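Chain by chain, the residues:
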Amino acid sequence: MPSTSEDIRRAAGIIRRGGLVAFPTETVYGLGANALDPEAVHRIFVAKGRPSTNPLIVHVADIEMAKSIATNWPAAADSLAQRFWPGPLTLVLTKRTHVPDLVTAGLPTVGIRVPAHPVALALIREAGVPVAAPSANRFTQLSPTTAEHVRAGLGDQVDFILDGGPCQVGIESTVLSLAGPSPILLRPGMIAKADLEAVIGPVRAFDKTNSPSQPEPSPGLHPRHYSPRTRLILGDPPAIGRGAVIVPGFDKTNSPHPHVYLPNEPAGYAVLIYRTLHDLDQQSLDWIAVQPPPDTPAWSAILDRLRRAATPPSPEPA
Ligand code: TXA
Ligand code: MG
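The structure displayed is predicted, hence computed values, not measured ones.

**Let's talk about the sheet that holds strand E10 (residues 204-205)**
So, step 1. The mixed open sheet is built from 10 strands, whose spatial order is E7-E1-E2-E6-E3-E5-E4-E8-E9-E10. Each end of this open sheet is capped by a strand with a single partner; those strands are strand E7 (160-161) and E10.
So, step 2. Pairing between strand E4 (residues 89-94) and strand E5 (residues 109-113): four bridges, direction antiparallel. Residue pairing in the sheet places Leu 93 in a bridge with Val 110 of E5.
So, step 3. Across the sheet, helix H4 (residues 75-84) is in contact with E4 and strand E8 (174-177); its angle to E4 comes to roughly 160°.

Listed below in structure tokens is the structure:
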């Protein structure tokens, strides 16, 4: 059932008292706590089973609230926020000292975004504090795009779940660091690198091979992440076992296995991919094979998630 304003008031009270609230955003559902309360933030890590070396994104209602947790607000942040907020863009900026180290995993920077969902914005405004929230799933598992996914995955660990319907973007936000001398794309998302460059000029994509000595700047880049429990193959279906094939709409499959067609453009595909994986994950299949979408910039965020979710093919047992 969709959340009422009474639900939002109740959820905001829980946040203020140090509890955990799952809430909808346009990308995926978040597991939220008062970002300025270290004990509340600690509960997020416990509920998710997430290592405390993974920094959290802090959700704010507007630019003013963003400025209240960042030490400086560069011109690039202002241009991007004007253009893309509320929306699926996280900006990494130098943090103020009152942002607990637990939120940022000890980093001197903090990831901030204004989510484009009326329930999320109402929750943050009503709570009156910035809300730290990772995706509302157990560590390494699939991000939730419905309240039902959250209930199934984390149900008893959360004090309250706000239902805002299915997410309208469907994969996690683009993460861009503005904390260094030049902008670095830390995680691709549906706001593409070219969209950012149209506003602020050249953006560098983080590439570990260019800087092997550097520590992982953004743990969302860990190779295995966002995975269903069922073995996921990005490529041809294996010869044996019971499985299903996910196919972009412009391809035709002659696979003998059950198959699901997804839209043939990235925005529509992104909305449905996690949902489809969640559904197939309930069916006790031996594998899910995803026919790879084209390796072009428009599909890069989707390919990034699929590559991380896929287990490398292993030889079939004889
Ligand atoms: O769309 C989203 O971003 C969703 C919704 C709930 O807002 N949240 C989300 O959070 O995906 P999470 O915790 O699953 O992913 C956070 C990402 C990670 O890749 C993390 O490393 C990066 O943001 N991140 C957060 N703070 C950072 C920082 N200070 N420096 C570098 N990366 C940071
Ligand atoms: Mg996540």
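Anyway, onward from the coordinates.
**So, the packing of H4 against helix H8 (residues 193-200)**
So, step 1. Viewed as axis vectors pointing N to C, H4 and H8 meet at an angle of 120°, and their least axial separation amounts to 9 Å. Our classification of the angle between H4 and H8 gives oblique. As for the relative orientation of H4 and H8, their crossing is right-handed in sense. The segment H4 lies against H8, with Ala 76, Ser 79, Leu 80, Arg 83 and Phe 84 engaging Asp 195, Leu 196, Val 199 and Ile 200.
So, step 2. Looking at side-chain class alone, the contact of H4 with H8 contains six nonpolar, one polar and two charged residues.

**Focus: the nonpolar core**
So, step 1. Counting residues in each nonpolar core, the largest one holds 66 residues, and the members touching the most others are Trp 85, Leu 89, Ile 112, Leu 162 and Leu 196.
So, step 2. Setting aside residues up to four positions removed in sequence, Leu 89 forms contacts with Leu 80, Phe 84, Ile 112, Arg 113, Ser 173, Thr 174, Leu 176, Ile 191 and Leu 196.
So, step 3. Counting 23 residues, the second largest nonpolar core, distinct from the first, contains Leu 142, Leu 232, Ala 270 and Trp 299.

**Structural notes on the pairing of strand E12 (residues 243-248)**
So, step 1. The buried fraction of E12 is high, at six of six residues.
So, step 2. Both faces of E12 are covered, namely the face carrying Gly 243, Val 245 and Val 247 and the face carrying Ala 244, Ile 246 and Pro 248.
So, step 3. Sheet topology places E12 next to strand E13 (residues 259-262); four bridges connect them, and they run parallel. Counted as the bridge partner of Val 245 is His 259 from E13.

Cut-off values and rules
- Residues numbered from 1 in each chain as written.
- Chains lettered and ligands numbered in written order.
- Predicted model: local features only at pLDDT ≥ 70, side-chain atom pairs only at ≥ 80, totals over all residues.
- Heavy atoms only, no water.
- Pairing = 2+ DSSP bridges.
- Helix = DSSP H or I, 4+ residues; strand = E, 2+ residues; numbered from the N terminus.
- Contact = heavy atoms within 4.5 Å.
- Axes fitted to C-alpha atoms, helices over the stretch in contact; angles between N-to-C directions.
- Parallel < 35°, antiparallel > 145°, perpendicular 65-115°, else oblique.
- Left-handed = near helix turned anticlockwise from the far one by under 90°.
- Nonpolar A, V, L, I, M, F, W, Y, C, P; charged D, E, K, R; others polar.
- Core = buried A, V, L, I, M, F, W, Y, C linked by side-chain atoms within 4.5 Å.
- Buried < 20%, exposed > 50% of the residue type's maximum accessible area, 1.4 Å probe, protein only.

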